[in-house]
Amino acid sequence: MSIEVRNISKRFGNFVALNDVSLDLPSGELTALLGPSGCGKTTLLRIIAGLEQPDSGSVIFNGQDATTSHVRERKVGFVFQHYALFRHMTVFENVAFGLRVRPRKTRPADVEIRRKVHELLELVQLDWLAERYPAQLSGGQRQRIALARALAVEPQVLLLDEPFGALDAKVRKDLRRWLRRLHDELHITSVFVTHDQEEALEVADRVVVLNKGGIEQVGAPDEVYDQPATPFVYQFLGNVNLFHSRVHGGFARIGELELPVDGHEEAQNAPAFAYVRPHDIEISRTPENGTAFAATVSHIHAIGPVVRLELAREDATELVEAELTRERFRELGLHEGEQVFVKPRQLRVFLEQHTP
Amino acid sequence: MSAIVTHHPVAATGKSSRATQEPVWVRWALISIALAWLALFLFVPLAAVFTEALRKGLAVYWASFTDPDALSAIKLTLLAAVIAVPANLVFGIAAAWAIAKFEFRGKQVLLTLIDLPFAVSPVIAGLIYVLVFGAQGWFGSWLSEHEVKVIFAVPGIVLATIFVTFPFVARELIPLMQAQGTEEEEAAVAMGASDWQTLWRVTLPNVKWGLLYGVILCNARAMGEFGAVSVVSGHIRGMTNTLPLHVEILYNEYNFAAAFAAASLLASLALVTLALKSFVEWKTSAEYRASIEEYSNEH
């Protein structure tokens, strides 16, 4: 089922949670709502579910306006951040709940309920826990039971609020791959909320980046990562170096350095921010006249597959962060305190008036 | 670490010690004071009630219950409790549900109103009903025209009992429901449950022990209430006398054996209530502990 969100606004007292947000979620896709806390992502998810009413705007399911319909009628599966499993019911009864509360006419027979629940528990690979209580489960198990429970009502939309937020790092990783595989199997239109960019980029088909109640960018994971539309997206998705620069006639000037940039040919000596990702910085031992600036290696952090360098620019007080592969690092044979030359391979420039 | 501990003065007595532990004599002194206090103010009076009640033998003790006035007092006390407890059960659930699960204007006012019976002296509570429903009261003439008797009759006693036991269930449930939040209810509704189904299948089972606890306290107070009931009752023997009022009348007539016999009944009720209360507390914490232990065993 496709979901359209049209001009949704929502305030809580003086706090603007969502400001005129519009969004299309195509059928069968797995979408991530990504943003820092307080950006309105959970509110948007709850409005789509019908757990919250927007102040204005509409939610459209499959071309039909669902704004005024009750959460009961929307046929959404909702997975809560803290799972909200019924603590006084066994795992089996939790999953069976959605079937048991149906009106008598549409309620399946007991045998059918039992079959369906075990089928779902097998789907989440936890059939052996059917008689346990939620308090007896680990976080990851609870999460999967919550998902099985949400799927029991055969929802047309699956909504997940910070599905991996309360889990430790290892379980998180396993579970998000598992969710991705599950989605590939079931193809239910799914939306999940997260503040973890890595999670959003790894799991989702599409990423919606939110900030301060508005949408910054919508796109495929590689799109939002490689071509961030706004400085916010650039900073939020991964580490970044920020340079204060001036743009003049298609060239960005950072200290002594002049680099060509696209799309700013008409700019006349305009103040701008230039962003460079640490892995887009090249280090060499020889100056490459005009395309690199000198810096001193102030710190080397060589743990894991990537070596992180902290570099102090010689023409400014700014620190620059760079990431090298281990091979490159060995090739250069760098030590703390040595002089090197820094060359941004790829940079993205935003004129200052565009930034908040 | 152990070197430091052996230099500690308490360690010299040969016992292991923690930083917060007091010397032995201080501990024993404090425990003795506490026990003496308890004995003097709790155990001795309780024992006195039963010894006084049985002083003239079992026959007299038994006779004081079979006396028609005593029987009627017991019946009236039970009647008041049987009406007041369910009424406050329903009210308590409704109020706690509204306060814990929703945001609305005047919530604080409602909370204060629920606490009012705790703050007001029961005698004043009784007087309020006399002022409103009494012969000279606001509705007095209307009520007597329609031949409804509230004050100095059973309805007045029931009303006064309801008033003083108003907060027990609500006060017990509100913090519990607030702590549990609304996510489980939202989950239930999202899965298609009606409001009624959500209440019966999710909200109430989650607070069942707290609810029982509130009902036990409410019942104890309903049966033991003296002040408010005394004002509205009129002390008509065999008609508007509850058990606590009966005790007072007998005592004032120097009929000590019967007075203490009735008092022993109330005291037994209190003991049963305490036992039930401890059981509920034990049950809740045992359930909690069991779930925590099983959880930690697995990981």
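Residues numbered from 1 in each chain as written. Chains lettered and ligands numbered in written order. Predicted model: local features only at pLDDT ≥ 70, side-chain atom pairs only at ≥ 80, totals over all residues. Heavy atoms only, no water.

**A short note on the interface of chain A and chain B**
Then step 1. Chain A puts 30 residues into the contact, and the matching count from chain B is 23 residues.
Then step 2. For the chain A and chain B pair, buried surface summed over both sides reaches about 2300 Å², with 56% attributable to carbon and sulfur atoms.
Then step 3. Seen at the junction of chain A and chain B, the total is 3 salt bridges.
Then step 4. Arg46(A) serves as the salt-bridge partner of Glu186(B), at 2.5 Å between the closest nitrogen and oxygen.
Then step 5. Our count for the chain A to chain B interface comes out at 7 residue pairs in polar contact (both at pLDDT 80 or more).
Then step 6. Elements with a minimum of two residues in the side of chain A that touches chain B: β6 (76-79), α2 (91-100) and α4 (139-152) of chain A.
Then step 7. Looking at the side of chain A that touches chain B element by element, the count peaks at 4 residues for α4(A). (Contact = heavy atoms within 4.5 Å. Buried area = accessible area lost by both parts, 1.4 Å probe. Salt bridge = Lys/Arg side-chain N within 4 Å of Asp/Glu carboxyl O. Polar contact = N/O pair within 3.5 Å; in protein donor to acceptor, adjacent residues only side chain to side chain. Helix = DSSP H or I, 4+ residues; strand = E, 2+ residues; numbered from the N terminus.)

**Focus: the pattern of salt bridges**
When charged atoms on two side chains of opposite charge get close, those side chains can pair.
Then step 1. Throughout the structure, instances matching the rule amount to 34 salt bridges over all chains.
Then step 2. One salt bridge connects Arg6(A) with Asp24(A), and the closest N-O pair in it is separated by 3.0 Å. Of this pair, Arg6(A) sits in strand β1 (residues 3-12) while Asp24(A) sits in strand β2 (residues 15-25), and the two are 18 residues apart along the sequence.
Then step 3. Residue Arg171(B) is joined to Asp115(B) by a salt bridge in which the shortest nitrogen-to-oxygen separation is 2.7 Å. Of the two residues, Arg171(B) sits in helix α9 (residues 167-180) while Asp115(B) sits in helix α5 (residues 107-119), which places them 56 residues apart along the sequence.
Then step 4. A relative accessible area of 32% places Arg171(B) in the partly exposed class.
Then step 5. Relative accessible area serves as the criterion here: at 25%, Asp115(B) is assigned to the partly exposed category.
Then step 6. Through salt bridges with shared partners, a single ionic network connects Lys173(A), Arg176(A), Arg177(A), Glu198(A) and Glu202(A). (Buried < 20%, exposed > 50% of the residue type's maximum accessible area, 1.4 Å probe, protein only.)

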